[in-house]
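Below, each chain spelled out in residue letters.
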Amino acid sequence: LLLGSQGQFPLTQNVTVVEGGTAILTCRVDQNDNTSLQWSNPAQQTLYFDDKKALRDNRIELVRASWHELSISVSDVSLSDEGQYTCSLFTMPVKTSKAYLTVLGVPEKPQISGFSSPVMEGDLMQLTCKTSGSKPAADIRWFKNDKEIKDVKYLKEEDANRKTFTVSSTLDFRVDRSDDGVAVICRVDHESLNATPQVAMQVLEIHYTPSVKIIPSTPFPQEGQPLILTCESKGKPLPEPVLWTKDGGELPDPDRMVVSGRELNILFLNKTDNGTYRCEATNTIGQSSAEYVLIVHDVPNTLLPTTIIPSLTTATVTTTVAITTSTTTSATTSSIRDPNALAGQTGPDHALIGGIVAVVVFVTLCSIFLLGRYLARHKGTYLTNEAKGAEDAPDADTAIINAEGSQVNAEEKKEYFI
């Protein structure tokens, strides 16, 4: 605010307006003895003398005219309207006060150039953001994933009218797959925008080779259970379909191993399914694969109560074992099922049956051995007794007659074979 030192003195105020807006120029006098007031433009052309319009310009209008104030408005302000305006108080001598009208040049909406879709992963990208018509020069800022990027190049050039500026900023960075779908924003800040910056946005499209991962439906596959292996593949363009192999070749059992989209469904697991399964995904950029090593585990057995079998030494004991065997087999059959068997069917416990057979064979062999020893011992005794009394006989006839086992004593000595 420009103030006089003493007496009557006009008071004015500098004005700042955005291009295309309306400027209000006000001149006040605290003490005025009916002295006239006048506004003139930077070219010293009179705009208003008291309430009388002097310049034919439809953009200039009278706002208020009195002995203490003269206010005028200038609409649709252009950059050429900028300059120093003068308010004059016609005293002797004439007293003046000056007000400077500043016109802000509004920057044009920014444009981003340098992007061509698609961009391959690993390429160096250079984006340029440009805006013209700002006065003073606008400020440009870059954002990626809502995070400001500081390391950019900035260039300011004066426009042909020598009043406004063209500003450009260049952003260089190397892209990777994480940049796919990311919005890169160029923001223009300027005092003429009333704290509402202008922005330009470029969504990136990055092409990259697939990444593959195999996810099993269960971490502990067991015999007889189904298993689903899902091939999770990501890439741009999206790889479709995927290729499943086992141990470097085709799937061995297409009836049990069904491929549906990205899933490999093995209906009933068995030990022959063990091996390395490979999922391969391919797009126009390249291919990638992942492997899964399948180990089919046994179904955990249910613990059975311990059966104490007494010493098998007689036929009665053997019969008891047979009865116990029948009962134990039935219990085992009802509690343990073959995982590969159809529903409703049961099978014997082969381990238990084998044990029973081994016990029976052992008892039989022991019985044969004992019977053999018994027969051999009695036969030797018979032969020994038959030869007694024949050692001193002069000839064979006499030996036969004198032998204890001769027919003479046949009626007295009889042997029975049991």
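Rules behind the numbers
- Residues numbered from 1 in each chain as written.
- Predicted model: local features only at pLDDT ≥ 70, side-chain atom pairs only at ≥ 80, totals over all residues.
- Heavy atoms only, no water.
- UniProt positions renumbered as here; feature names shortened; annotations may be inferred.
- Helix = DSSP H or I, 4+ residues; strand = E, 2+ residues; numbered from the N terminus.
- Pairing = 2+ DSSP bridges.
- Disulfide = S-S within 2.5 Å.
- Phe/Tyr/Trp six-rings, centres within 6.5 Å; stacked < 30°, edge-to-face > 60°.
- Lys NZ or Arg CZ within 6 Å of the ring centre and 35° of its normal.
- Core = buried A, V, L, I, M, F, W, Y, C linked by side-chain atoms within 4.5 Å.
- Buried < 20%, exposed > 50% of the residue type's maximum accessible area, 1.4 Å probe, protein only.
- Contact = heavy atoms within 4.5 Å.

1. As for the UniProt feature "transmembrane region" (unreviewed entry) in the chain
(1) Moving on: Mapped onto this numbering, the UniProt entry gives "transmembrane region" (unreviewed entry) at residues 351-371.
(2) Moving on: Taken end to end, residues 351-371 is 100% helix and 0% strand, and its two terminal C-alpha atoms sit 31 Å from one another.

2. Details of the sheet that holds strand β9 (residues 83-89)
(1) Moving on: In spatial order, the strands read β2-β10-β9-β4-β5-β6; together these 6 strands make up an open sheet with mixed pairing. At either margin of the open sheet sits one strand with a lone partner, and together these are β2 (15-18) and β6 (52-53).
(2) Moving on: One ladder, built from 3 bridges, connects strand β4 (residues 37-40) with strand β5 (residues 46-49); its direction is antiparallel. Paired with Trp 39 across the strands is Tyr 48, a residue of β5.

3. Brief notes about unusual backbone geometry
(1) Moving on: Geometrically, the link from Ser 117 to Pro 118 is a cis peptide bond, its omega value of -5° lying close to zero.
(2) Moving on: In this structure, the amide linkage connecting Lys 135 to the following residue, Pro 136, adopts the cis form with an omega of -5°.
(3) Moving on: Looking at the element boundaries, Pro 136 is found in the loop between β13 (124-134) and β14 (139-144).
(4) Moving on: Of note, Asp 50 is a non-glycine position whose phi angle comes to about 55°, a positive value.
(5) Moving on: Along the chain, the position of Asp 50 falls in the loop between β5 and β6.
(6) Moving on: With phi around 60°, Asp 146 is a residue other than glycine that occupies positive phi space.
(7) Moving on: Inspection of the secondary structure puts Asp 146 in the loop between β14 and β15 (147-149).

4. Looking at the state of the cysteines
(1) Moving on: Overall, the coordinates contain 3 disulfides when judged by the stated rule.
(2) Moving on: Across a sulfur-sulfur distance of 1.8 Å, Cys 27 and Cys 87 are joined as a disulfide pair. What sets the handedness of the Cys 27 and Cys 87 disulfide is the S-S torsion sign, and at about -80° it is left-handed. Here Cys 87 lies in strand β9 and Cys 27 lies in strand β3 (residues 23-29), a separation of 60 residues in the sequence.
(3) Moving on: In the chain, the bonded cysteines, taken in the order they occur along the sequence, pair up as 1-2, 3-4, 5-6.

5. What about the pairing of strand β20 (residues 206-216)?
(1) Moving on: Two elements, strand β12 (residues 119-120) and β20, share 2 bridges in a ladder whose sense is parallel. Paired with Met 120 across the two strands is His 207, which belongs to β20.
(2) Moving on: Relative to strand β21 (residues 227-236), β20 runs antiparallel, the two sharing 7 bridges. For Pro 216, the partnering residue across the bridge sits in β21 and is Leu 229.

6. Re the packing of aromatic side chains
(1) Moving on: Under the criterion given, the structure shown has 1 aromatic pair.
(2) Moving on: Its end group placed over the ring of Phe 165, Lys 156 keeps NZ or CZ at 5.4 Å from the ring centre.

7. Let's talk about the nonpolar core
(1) Moving on: Core analysis: the biggest nonpolar cluster contains 22 residues, and Leu 37, Trp 39, Ile 72 and Leu 101 have the highest contact counts within it.
(2) Moving on: Mapped onto this core, the elements with two or more residues apiece are β2, β3, β4, β5, β8 (69-74), β9 and β10 (95-104).
(3) Moving on: Ranked by the residues each element gives to this core, the list is headed by β3, at 4 residues.
(4) Moving on: Excluding its chain neighbours within four sequence positions, the residues that come into contact with Ile 72 are Ala 23, Ile 24, Leu 25, Trp 39, Leu 47, Tyr 48, Ile 60, Glu 61, Leu 62 and Val 63.

8. Some words on the pairing of strand β25 (residues 275-282)
(1) Moving on: The pairing of strand β22 (residues 242-246) with β25 spans 5 bridges and is classified as antiparallel. Within the sheet, the bridge partner assigned to Thr 245 lies in β25 and is Arg 278.
(2) Moving on: Looking at chain direction, β25 and strand β26 (residues 287-294) are connected through 8 bridges and run antiparallel. Bridging across to β26, Gly 275 finds its partner in Leu 294.
(3) Moving on: Between the end of β25 and the start of β26, which pair antiparallel, lie 4 residues.

9. A word on the environment of Met 125
(1) Moving on: Its place among the elements puts Met 125 in strand β13.
(2) Moving on: When the C-alpha atoms of Met 125 and Gly 114 are compared, they prove to be 7.9 Å apart, with 11 residues separating the residues in sequence.
(3) Moving on: In this structure, Met 125 is in contact with Phe 115, Val 119, Leu 171, Asp 172, Phe 173, Val 175, Leu 204 and Ile 206, ignoring residues within four places of it in sequence.

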